[in-house]
Amino acid sequence: MKKVLYAMFAALSVAACSPKQPQEAAAHKTLVLYYSQKGTTQKLAQELQSQLGADIESIVVENPYDGDFQSTIERGRQEMEAGTMPAIQPLQANLDNYDQIFLCYPVWFGTYAHPIASLVSNHNFAGKKVIVCATFGSGDFETSVQKLAQALPQAQVVEGFGIRDVRIAKVADELNRFLIEQGYKQGQVEALPAFMEHHPVDNSEVAIFNEACGSYIFPMGTPVDVAVRETATSTDYEFTALNNDNPTTVFITKEKKEGSKAEFTRVIR
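Predicted model, so just to flag it, every value in this text is computed and none were measured.

(A) A look at the packing of aromatic side chains. Applying the stated criterion to the full structure yields twelve aromatic pairs. Aromatic side chains Y65 and W108 sit 5.0 Å apart centroid to centroid with 80° between the ring planes, which places their arrangement in the edge-to-face category. Of the two residues, Y65 sits in the loop between strand 2 (55–58) and helix 4 (69–82) while W108 sits in strand 3 (residues 100–108), which places them 43 residues apart along the sequence. Grouping residues by exposure puts Y65 and W108 together as buried. For the ring pair F161 and F178, a centre distance of 5.8 Å and an interplane angle of 45° mean the geometry is tilted. Taken together, the residues F161 in strand 6 (residues 156–164) and F178 in helix 7 (residues 171–181) connect sequence positions 17 residues apart. Take F178: its relative accessible area is 10%, and that puts it in the buried class. Cluster of aromatic residues (ring-pair linked, three or more members): F102, F161, F178 and Y184. Directly above the aromatic system of Y65 lies the positively charged group of R75, at a separation of 3.7 Å from the ring centroid.

Structure, rendered in structure tokens:
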């Protein structure tokens, strides 16, 4: 009898201490829902759909943005000033059929793109887990997630995966790591080491910062300190930069293969 009780206790202890398995997340009915103006976010969404085996649907604007950067900015400003949102076509998918929705969009004006504002005005996503995935020029991903959570108080909005537009060719590997680490799919990836402590930048680190950020359309500021980590394939940097005395965090990576250039991956303002 004692042996039976001990076996039962041991089994319960293992169950209680085991981390959440990816199979549990995979059992959810999943939809990838996306808006893409230039096709970049579409690549992210399609890669998500492929890796998850999920359903997918595009958000279609009745009067599409024409794709020109300056024209899109001007139209967006006019819409914000007028308090209007672009009309979108009704969704084909029945959101009631899904437990979790990967919502993908480009970041515009520091928040989610205007067609997403139209979407959330028509759907409250009540009771859904909404995993936000986005493409962006430099950053504001985290801010867009916060604003979306405020707009959807009845949903569980969580920060998902973000990638810069110019790095979309690397989305498959980086997305694979994210999905495995967060338990959305099965698999194994090598754990990334933590960044070392921050220290004042030296000349070589300033050169890395300038290589990654010097040609960007907007100034990134002056680097003042940095933390570094070494992975199997890259050297990663977490810079603190001052821009008009405002501190920003700039993440930069440089692959170890010959000829690689440093590139920044995200800015947190």
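Resuming the write-up.
(B) Seen up close, the pattern of salt bridges. Evaluation of the coordinates by the stated rule reveals 14 salt bridges. The salt bridge partner of D236 is R229, with a shortest N-O separation of 3.0 Å. Comparing D236 with R229 shows no difference in burial state: the two are buried. When the shortest N-O distance is used, the salt bridge between K256 and E230 registers 3.2 Å. In this pair, K256 is assigned in the loop between strand 10 (246–255) and strand 11 (263–268) and E230 in strand 8 (residues 222–230), connecting sequence segments 26 residues apart. With relative accessibility at 45%, the residue K256 sits in the partly exposed group. For E230, a relative accessible area of 47% puts it in the partly exposed group.

(C) Just the pairing of strand 6, in detail. Across eight bridges, strand 5 (residues 129–136) lies against strand 6 in parallel orientation. Note that in strand 6 the partner of T135 across the bridge is I163. The parallel pair strand 5 and strand 6 is bridged by helix 6 (residues 141–151), and the resulting crossover is right-handed.

(D) Quick look at the layout of surface pockets. Here the largest pocket is characterised by a volume of approximately 1200 Å³. Taken together, 36 residues make up the lining of the largest pocket; nearest its centre are E174, R177, L192, R229 and D236. Per-element tally for the lining of the largest pocket: the top contributor is helix 7, with six residues. The residue inventory of the lining of the largest pocket, partitioned by class, reads twelve nonpolar, nine polar and 15 charged. Reported here for the second largest pocket is a volume of approximately 950 Å³. F69, V107, G137, Y216 and F218 are, among the 35 residues lining the second largest pocket, the residues nearest its centre. At the level of elements, helix 3 (40–52), helix 4, strand 3, strand 5 and strand 10 are the ones that each hand at least two residues to the lining of the second largest pocket. It is helix 4 that contributes the most residues to the lining of the second largest pocket, four residues altogether. In terms of residue class, the lining of the second largest pocket is made up of 14 nonpolar, 14 polar and seven charged.

How each quantity is defined
- Residues numbered from 1 in each chain as written.
- Predicted model: local features only at pLDDT ≥ 70, side-chain atom pairs only at ≥ 80, totals over all residues.
- Heavy atoms only, no water.
- Phe/Tyr/Trp six-rings, centres within 6.5 Å; stacked < 30°, edge-to-face > 60°.
- Helix = DSSP H or I, 4+ residues; strand = E, 2+ residues; numbered from the N terminus.
- Buried < 20%, exposed > 50% of the residue type's maximum accessible area, 1.4 Å probe, protein only.
- Lys NZ or Arg CZ within 6 Å of the ring centre and 35° of its normal.
- Salt bridge = Lys/Arg side-chain N within 4 Å of Asp/Glu carboxyl O.
- Pairing = 2+ DSSP bridges.
- Right-handed = clockwise from strand over helix to strand, strands pointing away.
- 1 Å grid on protein atoms, 1.4 Å probe; cavity = no way out; pocket = protein on both sides within 12 Å on 5 of 7 lines; lining within 4 Å.
- Points joined across faces, edges and corners; volume = space filled by probe spheres on them.
- Nonpolar A, V, L, I, M, F, W, Y, C, P; charged D, E, K, R; others polar.

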